[in-house]
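Fold and contact review
Spelled out, the chains give:
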Amino acid sequence: MWKMNQYLPLFLIAFCLFFTSHSQTTSNTSSQHRCLPDQSSALLQLRKEFVEERIYSDEYEPFDYYNGSYPKMKSWKADGDCCSTWDGVTCDAHYGHVIGLDLSKSWLCGPLKYNSSLFRLRHLQKLNLALNNLSSSTTIPSEFGQLVRLTHLNLSRSFLHGRIPSEISWLSNLVSLDLSFNYFDYYLKLRRNDLEALVQNMTYLRELHLDDVNISSSLPQSLANLSSLTSLSLRYCNLLGEFPSTIFLLPKIQAIDVSGNYILTGFLPNFQSGSSLKQLRLSSTNFSGELLDAIGNLKSLNFLDLSQTYFSRELPNSIGNLKSLSHLDLSGSNFSGELPNSIGNLKSLSYLDLFGENFLGELPNSIGNLKSLSHLDLGSTNFSGKLPDSIGNLNSLNYLDLGYSKFSGEIPPFIGNLSQLTYLSLFESNFHGQLPSTLGNLAKLTSLDLRYNLFSGKVPSSLGNLTQLEELLLSYNNFEGRFPVSLTNITKLTEIDISGNHLKGSIPSEIRNLTALESLDLSQNELAGGQFWTFEIFSFEGNLGLCGSPLPKKCGNNETPTCETSQESSIVEGFDWKVVVIGYACGLIIGLVIGYFTTSRRTVWFVRNFGVHIHS
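The written sequence of each chain sets the order in which its residues are numbered from 1. Whole-chain, interface and lining totals are the exception, using all residues; otherwise, since this is a predicted model, local features are given only for residues with pLDDT of at least 70 and side-chain atom pairs are given and counted only at 80 or more. Calculation of side-chain values draws on the structure's entire complement of heavy atoms; hydrogens and water are dropped beforehand.

Rule in force here: UniProt positions are given in the numbering used here, feature names are shortened, and annotations may be inferred rather than shown by experiment.
You'll find the chain entered in an unreviewed UniProt entry as Leucine-rich repeat-containing N-terminal plant-type domain-containing protein, with Castanea mollissima given as the organism. The record in UniProt for the chain states the following under Subcellular location (unreviewed entry): "Cell membrane". Among the UniProt annotations of the chain, the heading Sequence similarities (unreviewed entry) holds the following wording: "Belongs to the RLP family."

Okay, structure coming up:
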C-alpha cells in the first residue's frame, strides 16, 4: 500500500501531461482547417471583383502567362473551407486568419479598387498578384499601406500604372517587394522622396525588384544601409547620377541588376574575399573605369554581364579565379590588350560573348579547356592569326560566331568535331582555301554563313549531309565547279545564297525538291541553261548563259529550263510528224484486228491469248 502511495504522484503527473498534450493536439487538429466567416466572406467578395479571363497574346509570352496558369478562384466555393480546399489561400493554423494569398497567373482581369475586400484581410503576410491583368486600375491603391503585417508583396507584370503611392513605405515588415515590369499606356512611377521613405522604413528588405519603374532620379545613399539585402533589380528605371558603390559590398548581397540605365554612371569597388555576390548585370550603362584584380575575389560569381559599358584597359588575369562563372558577356565594351590565358580556367563557363571587343593577338589556346561552352561569340574582334586547334575540343558548342573578325587561314578540319553546332558564321573574315569535307559532320547545323571570304575550290558534296540546315550563305567567295546536286537533299532549306562565285553548268533539276525554299540567289555566277523560274529575276542576274522566264533571254531547243512544267512541254515538242503517223497506223491495225475477231465470234481465242475481255 505504501508503494502504491509512493508512485501515485508520478502517475498523476504523467496523466496530466498526457491529457494536456492530447487536448492540445485535438485543438490544433480541429482549428487547423477552420476558416473564419469574415475571412471567407472577404475572399468570396474578392472573387466577384474580377473576371477570370486568360490572356491570349504573343506579346506577353516572354512573361510566362501561359505555363502553369489557371483560374485559382474557381475552387472558392461558399460551402468549402477556405483554409483547406481553396487554391492559393494559406491560413494561420491556430486562428484561421488568412495569412497568405497566391493568385499569381490566375487569369484575374479587372481593376484593383481602393475599396476592394482584399484590404479587409488585415492579417495577410504574403500577397502575390503577379501575372494578371489589372490594367483597368488607375493606380496602385494607397490602401495597401493598411496591410502592415505584409512580409512579401508581388504585383509584378500585372499591367499596373501610375504613381506608386507613398503609403507603400508604411509596410515596414516587408522582406520582399516586387513591382517590376508593369506597363499599361505608361509605366509605374516612383518619386525620389517616396523611394527614400521606402528605403528608410523597410529595414528588413532582402529583395527589392523595381524593373521598368520610372524613377528618373539618383539612388539614395541610404540604400547601402539595407544590410539584409540579397537581391537588387532596377533594370530600365531611367536612373540618374552615380550608383552608390558601397551597395556592391553589402554583406549578404547576391544579385545586382541595373542594366538598361543608359546614363547611370558608376565604378566597381575593391571587392573583398568572402563576397556572396553571384550575379552582376551592368549592361547598357555608363559604368566605366578599370576592372581591378579584386574582381577575382568574387569566388561565388556565376553570371557577369558588362556588355555595352565603358570599362577599359586590359582584362585582369585574376578573371581566371572565377571558377563558378557560367555566363560572361563583355561585348561592346572597351577592353583591350590580349585575352588572358587564365580564361581557360573557367571550366564552368557555358556562355562567352566578346563581340566587338578590342582584344589583340591570337586567341589563347587555353580556350579549348572550356568543355562546357555552348555559346562563343568572337565576332567583330581584333583577334588575328589562325584558330587554335584546341577549339576542336569544345564538343558542347552549339553557337560559334567568328564574323567580321581578323582570323585568317583555312578552316581547320577539326571543325567537324563540333557535332552540337547549330549556328556557324565566318561572315566577312579573312579565311581562305578549300572548305574541309568535315563540315558535313555538323549534322545539327541550321545556319551556315561563309559569305565574303576567300574560299575557293568546289563546294564540298558533304554539305548535303547537313539535313537540318535552313540557311546556306556562301556568296562572294571564289567557289567554282557545278552547283552541287547533294544540296538538293537538304529539304529544310529556306534560303540559299551562292551569288558572286564562279559556278558553271546548269542548275540541277532536283532543286525543285526544295519545297521549303523561300529565297534563292545564284546571281553573278557563270551558270548556263534554263533556270528555276519560281524566283525573281535578281536571283539569276549576271549569269549570261541562263535563259527562260523571268530573264529576257529565251531558251533555244537544246536549253531546257529545269522546272517540272517546262519538262512536260519539252516532251510534247520532241514528237515530230513521223511519230504521229506511226502511232496512227498502229492504232488502225489493232482496231481492225479486234473488229475482225469480235464480228467473227472468236472472242474465246482472243481472251485466251491476250487476256482482254471484249464486251459486245
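**Concerning the overall build of the chain**
Applied cut-off: Think of it this way: any DSSP run of H or I at least four residues long counts as a helix, any run of E at least two long counts as a strand, and we number them from the N terminus. Each residue's exposure class comes from its accessible area (1.4 Å probe, protein chains only) as a fraction of the maximum for that residue type: buried when under 20%, exposed when over 50%, partly exposed otherwise. In this analysis, two residues are considered to be in contact whenever any of their non-hydrogen atoms come within 4.5 Å of each other. Surface exposure here means Shrake-Rupley accessible area, sampled with a 1.4 Å probe, where a residue is shielded only by the protein chains that are shown.
Scanning the chain from N- to C-terminus turns up six helices and 36 strands. Across the 616 residues of the chain, 48% fall into the buried class. Partitioning the contacts of the chain with sequence separation of at least 6, the portion at a separation of at least 24 is 54%. When the accessible surface of the chain is summed, it comes to about 29900 Å², and 52% of that surface belongs to carbon and sulfur atoms.

**Observations regarding the sheet that holds strand S10 (residues 186–189)**
Backbone-to-backbone hydrogen bonds join strands into a sheet, with any given pair of strands oriented parallel or antiparallel. Going by this rule: Note on pairing: two strands pair once DSSP finds at least 2 bridges between them.
The sheet built from three strands is open, its strands ordered S7-S10-S9 with mixed pairing. Because the sheet does not close on itself, it has two edges, and the strands there are strand S7 (162–163) and strand S9 (183–184). Where S9 lies against S10, two bridges are found, and the strand directions are antiparallel. Paired with Tyr183 across the strands is Tyr187, a residue of S10.

**Considerations on the environment of Leu450**
Its place among the elements puts Leu450 in the loop between strand S28 (447–449) and strand S29 (454–458). Judged by relative accessible area, which is 0%, Leu450 ranks as buried. Through-space distance from the C-alpha of Leu450 to that of Ser429 is 8.7 Å; in sequence the pair is 21 residues apart. Excluding its chain neighbours within four sequence positions, the residues that come into contact with Leu450 are Ile411, Leu426, Leu435, Phe455, Leu473, Leu474, Ser475 and Asn477.

**Some thoughts on helix H2 (residues 37–48)**
Counting along an α-helix, one turn takes 3.6 residues, and residues three or four places apart therefore face a common direction. For clarity, the threshold we go by: Here the expected length of a helix is defined as 1.5 Å per residue gap, with one fewer gap than residues.
The terminal C-alpha atoms of H2 lie 17 Å apart, and with twelve residues this matches the ideal 16 Å at 1.5 Å per residue to within 8%. Of the surrounding secondary structure, the elements contacted by the buried residues of H2 are strand S2 (89–91) and strand S3 (98–102).

**Some details on the packing of aromatic side chains**
The condition that has to hold: Each Phe, Tyr or Trp ring (for Trp, its six-membered ring) is paired with any other whose centre lies within 6.5 Å, and the angle between the two planes then decides the class: stacked below 30 degrees, edge-to-face above 60, tilted in between. Here, over-ring charges are defined by two tests on the NZ atom of lysine or the CZ atom of arginine: distance to the ring centre within 6 Å, and angle to the ring normal within 35 degrees.
The full count for this structure, using the stated rule, is 15 aromatic pairs. Centroid distance Phe311 to Phe335: 6.4 Å. Interplanar angle 5°. Geometry classified as stacked. Remark: Phe335 occurs in strand S20 (residues 334–336) and Phe311 occurs in strand S18 (residues 310–314); sequence separation between them is 24 residues. Here Phe311 matches Phe335 in class, with each residue buried. When the ring of Tyr399 is compared with that of Tyr423, the centres are 4.6 Å apart and the planes differ by 5°; the resulting orientation is stacked. Of this pair, Tyr399 sits in strand S24 (residues 399–401) while Tyr423 sits in strand S26 (residues 423–425), and the two are 24 residues apart along the sequence. An aromatic cluster of three or more residues is present, and its members are Phe243, Phe248, Phe271 and Phe287. Across the ring face of Phe303, the terminal group of Arg281 is positioned such that the distance to the ring centre comes to 3.8 Å.

**Description of the pattern of salt bridges**
Filter applied, for reference: Between Lys or Arg on one side and Asp or Glu on the other, a salt bridge is scored when a side-chain nitrogen of the former is within 4 Å of a carboxyl oxygen of the latter.
One pass over the full model with this rule turns up eight salt bridges. Across the salt bridge formed by Arg235 and Asp257, the nearest N and O atoms sit 3.7 Å from each other. Highlighted residues: Arg235 in the loop between strand S12 (231–233) and strand S13 (255–257) and Asp257 in strand S13, separated in sequence by 22 residues. Residue class for Arg235 comes out partly exposed when judged on its relative accessible area of 28%. The buried category is assigned to Asp257, whose relative accessible area is 9%. Between Asp449 and Arg451 there is a salt bridge, with the nearest N and O atoms lying 2.7 Å from each other. For Arg451, a relative accessible area of 23% puts it in the partly exposed group. Because the salt bridges share partners, they merge into one network encompassing Arg163, Arg191 and Asp194.

**With respect to the sheet that holds S18**
Strand order across the open sheet formed by four strands is S14-S16-S18-S20, with parallel pairing between neighbours. Of all strands in the sheet, those bounded by a partner on one side alone are strand S14 (265–266) and S20.

**Considerations on the side chain of Ser169**
One can find Ser169 in the loop between S7 and strand S8 (176–178). Ignoring anything within four residues of it in the chain, the contact list for Ser169 reads Ala197, Leu198, Asn201 and Met202.

**Structural notes on a nonpolar patch on the surface**
Quick note on the threshold: A patch consists of residues whose relative accessible area exceeds 30% and which take part in no salt bridge; residues with like charges are grouped when within 9 Å of each other, and nonpolar side chains (Val, Leu, Ile, Met, Phe, Trp, Tyr) when within 5 Å.
On the surface, Tyr236, Leu240, Tyr262 and Ile263 cluster together into a nonpolar patch covering about 400 Å² of accessible area. Along the chain, the position of Leu240 falls in the loop between S12 and S13.

**Describing the pairing of S3**
The element S3 is largely enclosed, with a buried count of four among its five residues. Of the strand pairs in this sheet, S2 and S3 are connected by three bridges, and their pairing is antiparallel. Paired with Thr90 across the bridge in S3 is Gly100. Taken together, S2 and the strand that follows it, S3, pair antiparallel across an intervening segment of six residues, in which Gly96 is found at a positive phi of about 80°. Note that S3 and strand S5 (residues 126–128) share three bridges and pair parallel. Its bridge partner lying in S5, Asp102 is registered against Asn128.

**Observations concerning empty space enclosed by the protein**
The rolling of a water-molecule-sized probe over the atoms marks out the regions of remaining empty space. Basically, it comes down to this: Two kinds of site are reported from a 1 Å grid over the protein atoms alone, namely cavities, where a 1.4 Å probe fits but cannot get out, and pockets, open sets with protein on both sides within 12 Å along at least five of seven lines, and residues are called lining when an atom falls within 4 Å of a point. Grid points are joined across faces, edges and corners, and a volume is the space filled by probe spheres set on the points.
Inspection of every chain in the model, using the stated rule, returns three cavities of 30 Å³ or more. Here the second largest cavity is characterised by a volume of approximately 40 Å³. Considering the residues around the second largest cavity, the lining is formed by Ile164, Pro165, Ser166, Ile168, Ser169, Leu190, Asp194, Ala197 and Leu198.

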